[in-house]
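Observations on the model geometry
Residue strings, one per chain:
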Protein chains: 4
Amino acid sequence: MDEIRVIAVGGYNEMGRNMTVIMFDDEAVVFDMGLRLDRIQIHEDIEIEKMHSLDLIEMGAIPDDTKLGSIIDKVRAIVCTHGHLDHIGAIPKLAHRYDAPIVSTPYTLAVIRDLVKGERRFEVENKFLPLTAGEVYEISRNISVEFVNITHSIPESVIAVLHTPAGAVVYANDFKLDRTPTLDSPPDFKRLKELSKDGVAMLIVESTNSSRPGKTPSERVAKDLVHDVLLGTEETNSGVIVTTFSSHIARISSIIEASEKMGRIPVLLGRSMKKYVVTAKEMGIIDFPENIEVYSSSRAIANALRRISEEGRENYLLIVTGHQGEPDAVLTKIASKETDYRIQHGDKIIFSANKIPNPMTLANRYALETKLKMQGARIYEDVHVSGHASREDHWELLRLLKPQHVIPSHGELGMHIPYIEMAEETGYELGDTVHLMRNGDELILEI
Amino acid sequence: MDEIRVIAVGGYNEMGRNMTVIMFDDEAVVFDMGLRLDRIQIHEDIEIEKMHSLDLIEMGAIPDDTKLGSIIDKVRAIVCTHGHLDHIGAIPKLAHRYDAPIVSTPYTLAVIRDLVKGERRFEVENKFLPLTAGEVYEISRNISVEFVNITHSIPESVIAVLHTPAGAVVYANDFKLDRTPTLDSPPDFKRLKELSKDGVAMLIVESTNSSRPGKTPSERVAKDLVHDVLLGTEETNSGVIVTTFSSHIARISSIIEASEKMGRIPVLLGRSMKKYVVTAKEMGIIDFPENIEVYSSSRAIANALRRISEEGRENYLLIVTGHQGEPDAVLTKIASKETDYRIQHGDKIIFSANKIPNPMTLANRYALETKLKMQGARIYEDVHVSGHASREDHWELLRLLKPQHVIPSHGELGMHIPYIEMAEETGYELGDTVHLMRNGDELILEI
Amino acid sequence: MDEIRVIAVGGYNEMGRNMTVIMFDDEAVVFDMGLRLDRIQIHEDIEIEKMHSLDLIEMGAIPDDTKLGSIIDKVRAIVCTHGHLDHIGAIPKLAHRYDAPIVSTPYTLAVIRDLVKGERRFEVENKFLPLTAGEVYEISRNISVEFVNITHSIPESVIAVLHTPAGAVVYANDFKLDRTPTLDSPPDFKRLKELSKDGVAMLIVESTNSSRPGKTPSERVAKDLVHDVLLGTEETNSGVIVTTFSSHIARISSIIEASEKMGRIPVLLGRSMKKYVVTAKEMGIIDFPENIEVYSSSRAIANALRRISEEGRENYLLIVTGHQGEPDAVLTKIASKETDYRIQHGDKIIFSANKIPNPMTLANRYALETKLKMQGARIYEDVHVSGHASREDHWELLRLLKPQHVIPSHGELGMHIPYIEMAEETGYELGDTVHLMRNGDELILEI
Amino acid sequence: MDEIRVIAVGGYNEMGRNMTVIMFDDEAVVFDMGLRLDRIQIHEDIEIEKMHSLDLIEMGAIPDDTKLGSIIDKVRAIVCTHGHLDHIGAIPKLAHRYDAPIVSTPYTLAVIRDLVKGERRFEVENKFLPLTAGEVYEISRNISVEFVNITHSIPESVIAVLHTPAGAVVYANDFKLDRTPTLDSPPDFKRLKELSKDGVAMLIVESTNSSRPGKTPSERVAKDLVHDVLLGTEETNSGVIVTTFSSHIARISSIIEASEKMGRIPVLLGRSMKKYVVTAKEMGIIDFPENIEVYSSSRAIANALRRISEEGRENYLLIVTGHQGEPDAVLTKIASKETDYRIQHGDKIIFSANKIPNPMTLANRYALETKLKMQGARIYEDVHVSGHASREDHWELLRLLKPQHVIPSHGELGMHIPYIEMAEETGYELGDTVHLMRNGDELILEI
């Protein structure tokens with residue numbers, strides 16, 4: 001009798017530091033190697049690039065793969081479904097111990113490459129293996145990985161499918177079901193239905209927003225909101241600054257488009273803003289208007305801000321880092337009067353991002369917003385829609401795939417619970433076909 | 001020296017029961033005569049149609065106009081800006097004591113006429129005087145009322161302007177600034193700017209959502225959300241029921257439109273659903289597709305639901321009353337198994353409305369949703385955007401009109417406060433140019 | 001090899017309708033048969049006394065014991081740990097099908113007797129078997145039940161212990177750890193430690209308040225709070241009404257005591273107030289001062305309120321039903337002006353109870369408080385401490401008993417989760433030694 | 001006609017930086033000169049001791065007294081009602097510009113003296129004038145200041161009364177009405193009633209907790225809670241650390257007392273812990289047991305912690321700074337493993353303090369608690385009662401004093417609002433007898 005083993009390494013007790021191992025016979029595949037940023041934030045003066053993995057494991061910042069023991073030697077591939085840090089951020093610290101290629105979409109690989117370059121402690125020399133949505137990578141005679149196109153909040157996100165003789169394991173972490181995305185293609189429902197028809201043994205799925213009722217709105221709605229705020233005003237001469245996730249290329253594209261309609265020059269400011277966006281540009285994911293300006297180094301940013309301030313802020317739309325009030329981000333520096341661009345009464349600051357509900361982040365945002373408001377800024381918050389599936393999206397995917405077993409991942413117990421309740425509502429039973437796993441747990445499915 | 005007197009009759013201590021009197025010289029104009037529904041809800045078995053106004057005043061359900069004394073005789077017009085109950089609901093109880101016409105847009109008048117027809121205690125025989133956005137009604141040699149088109153969540157909403165020799169008083173209660181409405185015209189910014197140029201002595205303005213940061217999204221966003229939910233599913237054979245505000249004609253129009261795209265027959269069910277929508281149809285505000293069905297009486301609704309249930313629910317989209325769990329509404333009856341249309345596992349129920357944050361209403365909604373869920377319904381909540389201006393919309397209107405004085409209305413003290421803070425941020429001073437009024441207070445402006 | 005079977009019948013998916021079956025060999029014992037009141041509340045005009053058990057099961061109001069099948073015939077005892085409705089309320093509907101005695105402390109039995117008397121549909125003729133804390137009831141050659149004294153919010157609450165050849169099963173549902181109770185004895189820590197030494201196979205334990213940090217304050221604190229509010233005022237001539245749980249005899253005793261210190265005559269008003277308190281008096285649990293007055297029937301209450309109102313409210317302290325705004329309770333009638341005792345400006349109303357966080361209840365409370373405030377009452381809320389263990393109390397009990405296995409009960413999944421996390425922190429493992437059960441689940445422990 | 005002028009300098013738009021000027025004729029008195037700490041917290045690396053007052057004013061951290069102009073020369077006394085920073089913290093920055101003595105109770109003066117000693121920018125050479133509750137200081141022929149004993153959360157708190165020929169102005173900021181305090185005397189109700197009889201022209205009163213229903217519990221309740229937590233456990237060998245406000249001498253006294261009952265040596269650790277407590281000891285406010293240990297310098301604390309850790313933590317009760325997670329506090333250092341006292345599994349940490357609801361503080365607390373929990377600590381939060389009056393306490397004081405006018409102070413607009421509503425309920429009218437003031441406003445009362 002065949003069996004599939006699932007080992008919950010990280011991300012089952014918390015948001016962040018995702019890592020799951022799936023074994024069939026004597027072969028294992030790792031899905032994601034992520035970082036938990038808020039475990040870093042509670043310490044002062046940490047230089048993560050120089051830290052040892054064991055210290056980071058003790059801090060709870062990266063997955064504890066030490067318990068895998070000899071399984072590490074059986075890993076044939078490290079598969080990452082998209083380029084967010086909570087899915088790839090531990091690669092620089094852990095991947096070198098695995099004799100396995102890193103399999104991702106090209107954009108994700110580009111982000112990983114950049115990450116690895118910044119590492120100061122370990123050498124990551126794993127092979128990088130690009131795989132596009134719709135393609136299959138034959139890992140061995142027995143097992144293969146397939147990428148299915150899905151929507152999320154970073155380009156080239158996929159659902160990964162591990163095909164084994166005992167059935168398919170679908171790894172959907174993270175995703176949303178957006179039928180009208182603004183930049184990417186809609187989810188590949190056709191392929192998902194085919195998978196369902198062939199039979200899915202197991203679904204491992206993010207539970208992050210499973211407590212939210214209804215359906216996550218399409219990115220088209222975010223675009224409408226952004227345009228509504230930027231274009232919907234009679235006060236067209238004020239300074240305008242937008243901040244959003246640097247990796248949210250679709251959103252940034254909508255902002256740039258609004259900028260054109262406003263007759264303003266879009267200016268991207270910030271190291272990570274450049275990194276993610278220029279990479280997307282080079283890979284043909286996004287088009288740039290001719291007049292766009294991009295500045296990355298501290299000096300270039302300072303110069304640009306001085307010039308814009310002198311030439312007339314009403315001709316520019318600034319797109320900057322700092323949506324969570326990160327201490328070194330561009331918006332934080334502007335708010336702290338560390339640049340020559342001083343906030344003027346009536347300037348508009350648009351946060352095209354949610355507030356990450358973590359006390360450390362909330363404190364940073366509070367300090368940032370307080371400083372901005374004291375200088376007369378008008379704040380627009382949460383001009384944003386989530387990239388994570390809500391309860392009814394989960395309901396859809398679950399009923400679409402009809403897996404024999406389902407495991408919520410990527411969340412605290414409190415996030416898995418609403419997923420389980422939803423699964424129960426469509427016939428799954430806790431402990432029988434829907435499983436609650438904790439970091440370090442192992443589940444063996446005999447098929 | 002000329003003076004303008006403002007008397008805060010109702011709606012300054014609470015949401016609901018709006019009523020403001022503005023006097024110039026010896027002439028007075030009433031703005032709104034509203035009802036506070038939650039003061040009715042806390043009592044069981046009340047038949048409001050048969051109650052005396054004095055009892056309703058004691059209950060805090062309608063404005064206390066008894067303190068106006070002889071001013072009542074000086075009222076030359078009762079002006080209502082739109083057809084919501086918190087602005088017109090006290091007309092059947094109070095208007096007959098005023099020797100003055102009711103001045104409203106045609107749709108609002110139609111709603112008032114229906115309301116007056118249902119009254120069992122008093123005879124309302126005031127003249128009905130239709131006035132369209134853009135028009136002016138000359139009340140006397142000295143004063144006149146002008147209607148300026150504005151967006152809200154019911155057709156033909158206006159901002160009313162009282163022109164006096166001492167300056168213009170703008171009454172903006174309620175409104176949003178929606179540049180991309182789906183059914184109505186955008187706000188008449190051109191006229192608002194002209195008013196500003198001529199000088200506005202005072203702005204009386206709703207404060208309801210002034211604590212919400214940013215800008216209220218356009219109705220276009222609500223339309224996108226509705227279509228996203230209705231069309232964005234692979235499970236196209238389930239029953240689908242949408243419930244929304246009967247008077248929100250733009251929303252209902254979007255739902256009907258989605259219905260067409262889904263290949264389903266739209267069916268409007270409920271007494272108030274018929275009242276508001278058919279009136280809008282007759283007045284040319286909304287178009288109906290040929291296949292639409294509308295049922296109003298209990299018997300007709302029961303028959304329709306039986307037939308739909310038998311013929312196949314997958315061919316229909318039901319648009320029903322009951323978004324707040326009102327005990328007699330259609331959705332409530334369906335949930336309580338009082339009709340032959342039984343909820344089936346996987347049926348979708350879409351609430352295209354917010355939850356009114358009042359414990360009585362929340363209890364009704366909870367009972368409704370619990371019953372629906374126990375029968376297997378999938379719930380989509382809050383597929384909706386507000387019809388009330390948010391903080392930055394208020395900022396815009398205030399800076400656009402530049403009134404010498406501003407008075408927040410339509411809210412508890414706790415709602416006026418964020419308005420006042422916003423006004424202070426653009427230079428108004430509490431007690432000097434921005435005024436906090438309580439029901440019964442009088443303010444005299446010497447111009 | 002011996003085995004213990006646990007069947008989660010009710011109260012594992014929700015608060016209320018507690019029922020657990022524990023089997024050893026061929027003998028079963030039922031722990032609790034409770035009612036879920038909020039499933040009744042969502043329906044209008046239900047007369048529960050006349051309803052059939054199957055309808056109540058479908059409504060989710062009582063435990064679904066239909067799935068027990070032939071196990072029902074093996075039940076040797078129905079054990080109830082205290083007299084709250086969520087633990088005994090289903091007895092009138094279910095117990096008659098069991099050929100087994102009802103085993104409880106004398107006070108609990110008195111409450112059950114009263115409940116059974118009100119039933120209109122079924123005849124409950126089970127034997128009533130009183131058992132006092134510290135005593136053991138030998139059910140059979142193999143198994144016995146022991147009661148261990150514990151603190152809660154009703155007299156004579158116990159932890160029940162099922163002794164089997166395979167080990168002891170401890171059923172601690174509900175409890176708090178109060179070392180300074182005002183009426184009862186402190187928990188029998190000595191016996192709990194002995195049990196621990198002998199070895200506890202399993203602990204079934206309420207999880208209700210396991211999310212609350214720290215320790216639940218002692219009832220002594222509640223007494224201080226009550227006295228602080230009642231005696232701590234310079235306005236000693238106003239009317240004073242206290243409302244609390246009728247079954248919370250310790251609290252009522254503290255209120256009566258305060259009444260004496262205030263020089264006021266304590267007056268108990270309400271049917272359930274009489275039922276619980278007079279029973280406690282007759283059983284010697286509470287002492288009455290000589291001047292106390294108790295009224296139960298509508299007419300007697302009406303007369304008493306008229307007299308008090310005439311004679312001078314400043315001489316009385318009213319202790320009444322209605323702390324959750326129940327429609328027929330005494331306080332609700334006073335607030336609705338249905339009695340001759342009219343609230344006067346400055347009268348004090350003390351809620352010595354929490355607000356039950358259920359929308360139906362919150363609506364009732366809101367209506368009640370709104371009416372009281374409109375008449376000038378001053379409201380003191382939440383002059384109360386909980387009767388349920390908080391997180392650190394759970395930590396203590398778990399480490400004291402050191403059971404091999406632990407199962408959180410009496411709560412939604414969301415309440416079990418913090419219990420599980422706490423258990424993990426002291427070394428238990430989910431799925432291994434701490435178990436998450438759902439209604440209908442069965443767990444077999446091989447010892 | 002006589003007039004009293006009130007100038008709201010600080011603390012009317014915010015919590016913190018309290019300062020009010022009251023003038024009669026040509027003489028002025030300043031009440032409080034406070035600091036707003038959270039305006040400091042949003043900046044990194046600020047050394048407040050070295051900063052100029054004008055910079056602190058611009059940051060909103062201290063009252064803006066620059067607008068007082070020549071009134072500064074008319075100030076005859078600076079009166080501080082108690083020793084909290086939000087009432088005295090700006091003295092080192094502002095007092096030197098006033099040719100006036102600082103009038104306070106002896107303990108408050110001792111705290112001010114210590115504060116002034118730490119100042120690095122300005123020289124404060126104002127005369128210190130001790131005044132005890134019950135005493136009167138004759139400022140001039142016309143005006144005098146009286147101190148009336150009141151309860152709060154620091155020793156020797158008073159209500160200050162300014163007697164003028166035009167009537168008495170009562171300044172009650174901050175206070176609670178505690179009839180059973182554990183260390184101090186109860187409020188001097190007798191004197192308050194006399195004042196009322198003589199006539200109070202105006203009451204200026206903190207509004208901080210006026211939104212809280214009911215009555216603030218007595219400090220006796222806090223003592224019970226502390227003892228309940230410390231003594232109510234079967235695990236008597238674990239480490240125990242309590243953290244609380246260093247200036248809350250009554251609380252610290254209760255903790256020390258519990259320590260004695262537990263048979264543990266109380267150890268006070270932290271600079272401010274020593275400062276406030278030893279001062280109180282020296283002034284005879286608190287008694288010390290013989291075995292108490294107090295350490296203030298970093299080195300002494302480090303040594304003590306090492307020794308305690310070696311000798312056996314079960315013999316000590318640590319009372320430390322750090323209840324809000326302040327970066328340099330003792331508890332923060334222990335949590336960050338910067339001392340030799342390492343948290344062990346099961347150690348108890350008791351926060352005998354509320355969480356200050358400010359994002360910066362919440363972030364610090366979160367980081368602190370996360371670190372403690374990761375090391376196995378058990379956390380007891382909010383073992384505490386407030387030192388601020390709740391709504392019904394305010395009701396009592398207002399009706400006791402019967403001032404002609406009342407002004408809520410010490411809070412944001414949102415805090416004043418519930419006070420105003422309460423005042424309206426007992427007959428005051430907004431704008432007429434209850435006044436809403438903003439920083440910088442002036443109110444002239446003609447008597």
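This text goes with the structure placed above it.
Computed from a prediction, not measured in an experiment: that's the story for all the values here. (Residues numbered from 1 in each chain as written. Chains lettered and ligands numbered in written order. Predicted model: local features only at pLDDT ≥ 70, side-chain atom pairs only at ≥ 80, totals over all residues. Heavy atoms only, no water.)

With that out of the way, let us pick up the relation of the copies chain D and chain C. Once turned by 180° and shifted 0.0 Å along the axis, chain D lies on chain C with an RMSD of 0.0 Å. What we have between these two chains is a two-fold relation. Minimal C-alpha distance to the rotation axis in chain D is attained by Val221 of chain D, lying at 3.1 Å. Take the interface residues of chain D: 100% of them recur as interface residues in chain C, which is what a same-surface contact looks like. (Least-squares fit on C-alpha atoms with pLDDT ≥ 70 in both. Contact = heavy atoms within 4.5 Å.)

Here the focus is helix H14 (residues 413-425) of chain D. One turn of an α-helix holds 3.6 residues; hence residues three or four places apart share an orientation. Between its terminal C-alpha atoms H14 of chain D stretches 18 Å, which fits the 18 Å expected from 13 residues at 1.5 Å a residue. Leu413, His416, Ile417, Pro418, Tyr419, Ile420, Met422 and Ala423 of chain D are the residues of H14 of chain D that are buried. Taken together, the buried residues of H14 of chain D touch helix H14 (413-425) of chain B, strand E17 (378-380) of chain C together with strand E11 (200-206), helix H13 (391-401) and strand E18 (405-409) of chain D. Gly427 of chain D, located one to two residues past H14 of chain D, shows a positive phi value of around 110°. (Helix = DSSP H or I, 4+ residues; strand = E, 2+ residues; numbered from the N terminus. Expected span 1.5 Å × (residues − 1). Buried < 20%, exposed > 50% of the residue type's maximum accessible area, 1.4 Å probe, protein only.)

With that settled, the discussion passes to unusual backbone geometry. In this structure, the amide linkage connecting Asn173 of chain C to the following residue, Asp174 of chain C, adopts the cis form with an omega of 15°. Inspection of the secondary structure puts Asp174 of chain C in the loop between strand E10 (167-172) and helix H6 (189-198). One non-glycine residue with positive phi stands out, namely His410 of chain C, at about 55°. The residue His410 of chain C is located in the loop between strand E18 (405-409) and helix H14 (413-425) in this model. In this structure, Asp25 of chain D is a non-glycine residue whose phi angle is positive, near 55°. Along the polypeptide, Asp25 of chain D turns up in the loop between strand E2 (19-24) and strand E3 (27-31). By relative accessible area, which is 57% here, Asp25 of chain D ends up exposed.

This paragraph deals with the interface of chain D and chain C. Residue-level contacts link 36 residues of chain D with 37 residues of chain C. For the pair chain D and chain C, the summed buried area comes to about 3,200 Å², and 45% of that belongs to carbon and sulfur atoms. Looking at the side of chain D facing chain C, the largest losses of area belong to Asp228, Glu234 and Arg378 of chain D, adding up to 21% of the total buried there. The interface formed by chain D and chain C holds 12 salt bridges in total. Residues Arg399 of chain C and Glu235 of chain D are paired through a salt bridge, measuring 2.6 Å at the closest nitrogen-oxygen approach. (Buried area = accessible area lost by both parts, 1.4 Å probe. Salt bridge = Lys/Arg side-chain N within 4 Å of Asp/Glu carboxyl O.)

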